[in-house]
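# Structure assessment
So you can see what is in the structure, the chains are spelled out below.
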Amino acid sequence: SQKIEQNSEALNIQEGKTATLTCNYTNYSPAYLQWYRQDPGRGPVFLLLIRENEKEKRKERLKVTFDTTLKQSLFHITASQPADSATYLCALTSYSGGGADGLTFGKGTHLIIQP
Amino acid sequence: NAGVTQTPKFQVLKTGQSMTLQCAQDMNHEYMSWYRQDPGMGLRLIHYSVGAGITDQGEVPNGYNVSRSTTEDFPLRLLSAAPSQTSVYFCASSRTGTISNQPQHFGDGTRLSIL
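Below, the structure is looked at part by part. Residue positions are counted from 1 within each chain, in the order its sequence is given. Numbering of ligands from 1 and lettering of chains from A proceed in the order in which they are written. With the structure being a predicted model, the display of local features is reserved for residues of pLDDT at least 70 and the display and counting of side-chain atom pairs for 80 or more, all residues being used for whole-chain, interface and lining totals. Hydrogens and water are ignored here; the side-chain numbers use all heavy atoms of the structure.

Another point: the interface of chain A and chain B. How large an interface is tends to be reported as the accessible area lost when its parts come together. Contacts are assigned to residue pairs with any non-hydrogen atoms lying within 4.5 Å of each other. In this assembly, 20 residues from chain A lie in contact with 20 residues from chain B. One side-chain nitrogen of Lys or Arg within 4 Å of one carboxyl oxygen of Asp or Glu is enough to make a salt bridge. On the surface where chain A and chain B come into contact, there are one salt bridge. A salt bridge links Arg 42 of chain A to Asp 108 of chain B; the nearest nitrogen and oxygen atoms lie 2.9 Å apart. Polar contacts, as used here, are pairs of N or O atoms within 3.5 Å; protein pairs need one atom able to donate a hydrogen and one able to accept it. Residues neighboring in sequence count only if both atoms are side-chain atoms. The interface formed by chain A and chain B holds eight residue pairs in polar contact (both at pLDDT 80 or more) in total. Listed by contribution, the elements that provide at least two residues to the side of chain A that touches chain B are strand E4 (32-38), strand E5 (45-51), strand E9 (86-96) and strand E10 (99-105) of chain A. Starting at the N terminus, helices and strands are each numbered in turn, a helix being any DSSP run of H or I of at least four residues and a strand any DSSP run of E of at least two. Sort the elements by how many residues they give to the side of chain A that touches chain B and E10 of chain A lands first, with five residues. Looking at side-chain class alone, the side of chain A that touches chain B contains 10 nonpolar, seven polar and three charged residues. When residues are sorted by character, Ala, Val, Leu, Ile, Met, Phe, Trp, Tyr, Cys and Pro go into the nonpolar class, Asp, Glu, Lys and Arg into the charged class, and all the rest, Gly among them, into the polar class.

For the rest of this paragraph, the subject is the packing of aromatic side chains. Centres within 6.5 Å are what make two rings of Phe, Tyr or Trp a pair, Trp counting through its six-membered ring; a difference in plane orientation under 30 degrees is then read as stacked, over 60 as edge-to-face, and the rest as tilted. Counted according to the given criterion, the structure contains 12 aromatic pairs over all chains. Ring centres 5.6 Å apart and planes at 75° place the aromatic pair Tyr 36 of chain A and Phe 46 of chain A in the edge-to-face group. Residue Tyr 36 of chain A is found in strand E4, and its partner Phe 46 of chain A is found in strand E5; the two are separated by 10 residues along the sequence. Note on Phe 46 of chain A: relative accessible area 24%, which makes it partly exposed. Note on Phe 90 of chain B and Phe 106 of chain B: the rings are 6.5 Å apart at their centroids and 80° apart in plane angle, and the pair reads as edge-to-face. Only protein chains enter the accessibility calculation, which uses a 1.4 Å probe; a residue is then buried when its area is under 20% of its type maximum, exposed when over 50%, and partly exposed in between.

Residues and elements named next belong to chain A. For the structure on display, the rule yields eight salt bridges over all chains. When the shortest N-O distance is used, the salt bridge between Arg 37 and Asp 39 registers 3.0 Å. For Arg 37, a relative accessible area of 17% gives the class buried. What makes Asp 39 partly exposed here is its relative accessible area of 27%. The partner of Arg 61 in a salt bridge is Asp 84, with the nearest N and O atoms 3.0 Å apart. Of the two residues, Arg 61 is situated in the loop between strand E6 (56-59) and strand E7 (62-67) and Asp 84 in the loop between strand E8 (72-77) and E9; the sequence distance between them amounts to 23 residues. Here Arg 61 falls in the partly exposed class, since its relative accessible area comes to 25%. In this structure Asp 84 comes out as buried when scored by relative accessible area, which is 7%.

Structure (structure tokens):
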């Protein structure tokens, strides 16, 4: 079955350092991969989308890589700030029958940026 | 724009009661979906709709009904609440049903407890 794995342990990073989060998947051949941020008591917020033929995508301090050979995406936050503390989710399109139905999400990695 | 609005934010039900969770979006999005989020499980797709009058089942549809009579609204009905349905419910929308390359816009959720 299709599976997405993210580090279930919280990730503690010192302010100013680069935080790197990992998303591994199995039994998928995705064309796209998405990353979301979720704060306590709020819904997920879309951050970045990367296509299979894009090795890397950047948005301000965020960078995402996508290695379809390793079946892995890495999510980097450079110059991290305490305000970056949140849970980060990766997501792939799930399919059943003939068409895409929704996104399958990883369980998320809780990132804590220490001042 | 308000985006995706979910009501109520919190609800407590007794086993066997029925209720409707409301979801409305003001972005003229074609695609809408419902997810539930449980600790340690991540987000799981319940039902989705690719347009008014069209609905389909996701990964965990049992015990839930949906309808899509307008583009804006996508209510989720619990027919006979069970304690296993205690969860946080999120509604999401995107511009089209080609969701693999579409950011999903989420509401802030309904926190539902079934006693």
